[in-house]
Amino acid sequence: NRDEMDPIAIERLNLMNMAKLSIKGLIESALNLGRTLDSDYAPLQQFFVVMEHCLKHGLKSKKTFLGQNKSFWGPLELVEKLTPEAGEITASVKDLPGLKTPLGRGRAWLRLALMQKKLSDYMKTIINRKDLLSEFYEPNALMMEEEGAVIAGLLVGLNVIDANLCMKGEDLDSQVGVIDFSMYLKDSTHSSKSTEGDGQITAILDQKNYVEELNRHLSASVNNLQAKVDALEKSNTKLTEELAVANNRIITLQEEMERGKEESSYLVESSHKASRADGTANGQVLGETRKQLKEETQLRLDVEKELEVQIGMKQEMELSMKMLEKDICEKHDALVELRQQLDEMRTLNHDVCLCLSGFDIISRLEEKTNQMGSTIKQLESRCKKAERERDLADEANRLFKQEFGDKIESLQEEVEQLRRQRWLLEQELRKWRENPGGHIPEALLGKPPPQRDMRQHVEDIRRVRPAFRFSVTQQCKNCSGVFCENCVANELPLPSSINPEHVCDVCYSQLLQQYSSSPS
């Protein structure tokens, strides 16, 4: 037979037989031992060496600047694309600090997959996609032939054993993977022998491993909670800045409304003066009046749109504040649960202390517990700080509603009055067109708005801005708003420039508060 004479086929057959012996011996010894396997267990180490040789068989060489490189980490990365569940293992391997080579990452991936009891499923997934494996393996490699599918089926039996492997102190990059054939030449009865006095030590080691795993999960949950608290603080700061921007925008809208009223009075006065001229100039005056009326209408529509946008932003800010309160409550509940878990950990540490009184592991566990307790206290203080900032934001929102709620309603009423006045002017203009021989109606010539309302509105604005003037304007370098000269008399250095720049009163107080609260 030609396949029997092919040396590569013989290598595939030998590797498959070694995998069978390794998996069979590992299952029998684990069942006879009756406990969780750790990294020091010799049959388990030999199993990983055999799997490494199976994955390396027929790998294509990749040329790099250091020479040719063969690594089975590339095919294992395909599992993450084909099975989303494997993404957690790949992320954990990449986060391990001691791994520097693709070979070490591949060895760590095999150990994590065995602990997760998913090694057989993942191997079947990549073996079924030979179109993707052809990028990494030669056509006659073990993973591309039937022997690979046989090994994947044999790996299902490993789901009955439990393994607890710690890879933090293990040097996976520089290990030499050599198969020890002497383990498989021994008498089968030798592997079933076990000492009777190790039962108590085994139970203690299992408790130690359980405590370490529980501590690891608790540390991960504390880190996640701390990241959420940081994100909550950033969102709270962003909401405060948006509230200040909304206040400045409403003040700018009030100023634009005032300018619109002035332009409207100017149009009425100009139309009144034009009516006193001779009849030949009436057509030109009416044309200019129509253009100015269109511009005034467009300006009114723009102001209404801006008002709607500001009202929508205020509603969004209120919704964000509610979500912020809900998130703070959830963080508080999470802290309570973590505190309960910490108490359970202390009780468990005390029980382990009675069994391992002479070991240094208890002192290290207590130090970790105290560190986590201090971290939880810090998180509680930061949570209280976030609640205080939330209260300040609520107070600022209440003051905003109290100060500008009535003004928005008055602006809306004035817009409605301008709409009615425009409609009357259009009716009179239509009547005058139907009877062009008559004189221009007084309603079309218009009357300037009552000076009493104008003065009253200016007084309202001056209460908010006492030093407001219409003569000289200047732009705020922080919010880009246009204000009078006295309102931007303050100077402060901004994040965008080292030199002091002119800022408005609102931005000046906000920046002072921000600089005073930031660490020096």
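Above this note sits the structure.
Residues numbered from 1 in each chain as written. Predicted model: local features only at pLDDT ≥ 70, side-chain atom pairs only at ≥ 80, totals over all residues. Heavy atoms only, no water.

Peer 1: Describe the overall build of the protein chain, and please don't skip the residues or the numbers.
Peer 2: The helix and strand inventory of the protein chain stands at 15 helices and six strands. Relative to its 520 residues, the protein chain shows a buried fraction of 34%. For the protein chain, the accessible area works out to roughly 31700 Å², and carbon and sulfur atoms hold 52% of it. (Helix = DSSP H or I, 4+ residues; strand = E, 2+ residues; numbered from the N terminus. Buried < 20%, exposed > 50% of the residue type's maximum accessible area, 1.4 Å probe, protein only. Areas by Shrake-Rupley, 256 points an atom, 1.4 Å probe, with all protein chains shown as cover.)

Peer 1: Residue-level account of the packing of helix α2 (residues 7-33) against helix α3 (residues 42-56), with values.
Peer 2: Put simply, α2 and α3 touch, their axes get as near as 9 Å, and they point 155° apart. As summarised for this structure, α2 and α3 are arranged roughly antiparallel, according to the angle between their axes. Crossing geometry of α2 relative to α3 is assigned as left-handed. Where α2 abuts α3, its residues L15, M18, A19, S22, I23, L26 and S29 lie against P43, L44, Q46, F47, V50, H53 and C54. Split by residue class, the contact of α2 with α3 holds 10 nonpolar, four polar and no charged. (Axes fitted to C-alpha atoms, helices over the stretch in contact; angles between N-to-C directions. Parallel < 35°, antiparallel > 145°, perpendicular 65-115°, else oblique. Left-handed = near helix turned anticlockwise from the far one by under 90°. Contact = heavy atoms within 4.5 Å. Nonpolar A, V, L, I, M, F, W, Y, C, P; charged D, E, K, R; others polar.)

Peer 1: Give me the side chain of E304: which residues, what numbers.
Peer 2: Positionally, E304 belongs in helix α11 (residues 282-355). Looking at E304, the relative accessible area reads 19%, which means it is buried. Setting aside chain neighbours within four positions, we find E304 in contact with V415 and R419.

Peer 1: Residue-level account of α2, with values.
Peer 2: The end-to-end C-alpha distance of α2, which contains 27 residues, comes to 38 Å, matching closely the 39 Å that a straight helix rising 1.5 Å per residue would cover. If you check which residues of α2 are buried, you get A9, R12, L15, M16, M18, A19, S22, I23, L26, I27, S29 and A30. With its phi angle positive at about 70°, G34 sits one or two positions after the end of α2. (Expected span 1.5 Å × (residues − 1).)

Peer 1: Residues and numbers for the pairing of strand β6 (residues 497-503), please.
Peer 2: Residues in a regular strand project their side chains so that they alternate between the two faces of the sheet. Across five bridges, the pairing between strand β5 (residues 490-494) and β6 is antiparallel. In the sheet register, E491 faces β6, and the bridge partner there is H502. Once β5 ends, the chain turns through two residues before running back antiparallel as β6. (Pairing = 2+ DSSP bridges.)

Peer 1: Summarise the packing of helix α4 (residues 73-82) against helix α6 (residues 102-115); cite the residues concerned and give the values.
Peer 2: At a closest axis distance of 9 Å, the pairing of α4 and α6 adopts a crossing angle of 50°. Classified by the angle their axes make, α4 and α6 are oblique. In this structure, α4 meets α6 at a crossing whose hand is left-handed. Seen from α4, the contacting residues are W73, L76 and V79; seen from α6, they are P102, R105, G106 and W109. In the contact of α4 with α6, the residues fall into five nonpolar, one polar and one charged.

Peer 1: I'd like a rundown of the nonpolar core, residues and numbers included.
Peer 2: Of all hydrophobic cores here, the largest spans 57 residues; its most connected members are F47, W109, M123, Y137, M143 and L158. Of all the secondary-structure elements, those providing two or more residues to this core are α2, α3, α4, α5 (87-95), α6, α7 (119-127) and α9 (146-154). Once residues lying within four places of it in the same chain are set aside, the contact partners of L158 are I23, L26, I27, F47 and L114. By size, the runner-up hydrophobic cluster in this structure holds 17 residues, among which are L232, L338, L379 and A393. (Core = buried A, V, L, I, M, F, W, Y, C linked by side-chain atoms within 4.5 Å.)

Peer 1: Tell me about the environment of M321, residues and numbers included.
Peer 2: Relative to the helices and strands, M321 resides in helix α11. Take M321: its relative accessible area is 10%, and that puts it in the buried class. For M321, the residues in contact, after removing those within four places along its chain, are L239, R390, A393 and D394.

Peer 1: Residue-level account of unusual backbone geometry, with values.
Peer 2: The phi angle at K117 is positive, at roughly 60°, despite the residue not being glycine. For K117, the position within the fold is in the loop between α6 and α7. A residue is classified by how much of its surface remains accessible, and K117, at 31% relative accessible area, is partly exposed. Despite not being glycine, S480 shows a phi value in the positive range, around 65°. In this structure, S480 sits in the loop between β3 (473-475) and β4 (482-484).

Peer 1: Which residues make up the side chain of T83, and what are the values?
Peer 2: The topology assignment puts T83 in the loop between α4 and α5. By relative accessible area, which is 15% here, T83 ends up buried. Leaving out residues up to four positions away in the same chain, T83 has contacts with Y122 and T125.

Peer 1: Summarise the state of the cysteines; cite the residues concerned and give the values.
Peer 2: Applying the stated rule across the entire model yields zero disulfides. Of all cysteine sulfurs in the structure, the one in C487 sits closest to C484, which takes part in no disulfide; the separation is 3.1 Å. Judged by its relative accessible area of 1%, C484 is buried. (Disulfide = S-S within 2.5 Å.)

Peer 1: Talk me through a positive patch on the surface; I want residue IDs and the actual numbers.
Peer 2: On the surface, R290, K291, K294, R430 and R433 cluster together into a patch of positive charge. Of all the secondary-structure elements, those providing two or more residues to the positive patch are α11 and α12 (361-434). (Patch = residues over 30% accessible without salt bridge, like charges linked within 9 Å, V, L, I, M, F, W, Y side chains within 5 Å. Salt bridge = Lys/Arg side-chain N within 4 Å of Asp/Glu carboxyl O. Lys, Arg positive; Asp, Glu negative; His and termini not counted. Charge placed at Lys NZ, Arg CZ, Asp CG, Glu CD.)

Peer 1: If you had to explain the pattern of salt bridges to someone new, which residues and values would you point to?
Peer 2: Here the structure, examined in full by the defined rule, presents 21 salt bridges. With its nearest N and O atoms 3.8 Å apart, the salt bridge here joins E85 to K118. Placement of the pair is E85 in the loop between α4 and α5 and K118 in the loop between α6 and α7, with a sequence separation of 33 residues. Judged by relative accessible area, E85 falls into the partly exposed class, the value being 48%. For K118, a relative accessible area of 28% translates into the label partly exposed. For the salt bridge of R390 with D394, the shortest nitrogen-to-oxygen distance reads 3.9 Å. Linking R390 with D394, this pair stays in helix α12, spanning four residues, or about one helical turn.

Peer 1: How would you explain the packing of aromatic side chains if you had to name every residue and give the values?
Peer 2: The full count for this structure, using the stated rule, is two aromatic pairs. Aromatic side chains W109 and Y122 sit 5.8 Å apart centroid to centroid with 45° between the ring planes, which places their arrangement in the tilted category. Pair noted here: W109 is in helix α6 and Y122 is in helix α7, with a separation of 13 residues, a long-range link. Taken individually, W109 and Y122 each receive the classification buried, so the pair is uniform in this respect. The ring of F48 has R111 lying over it, and the distance from NZ or CZ to the ring centre is 4.3 Å. (Phe/Tyr/Trp six-rings, centres within 6.5 Å; stacked < 30°, edge-to-face > 60°. Lys NZ or Arg CZ within 6 Å of the ring centre and 35° of its normal.)

Structural measurements only, silent on function.
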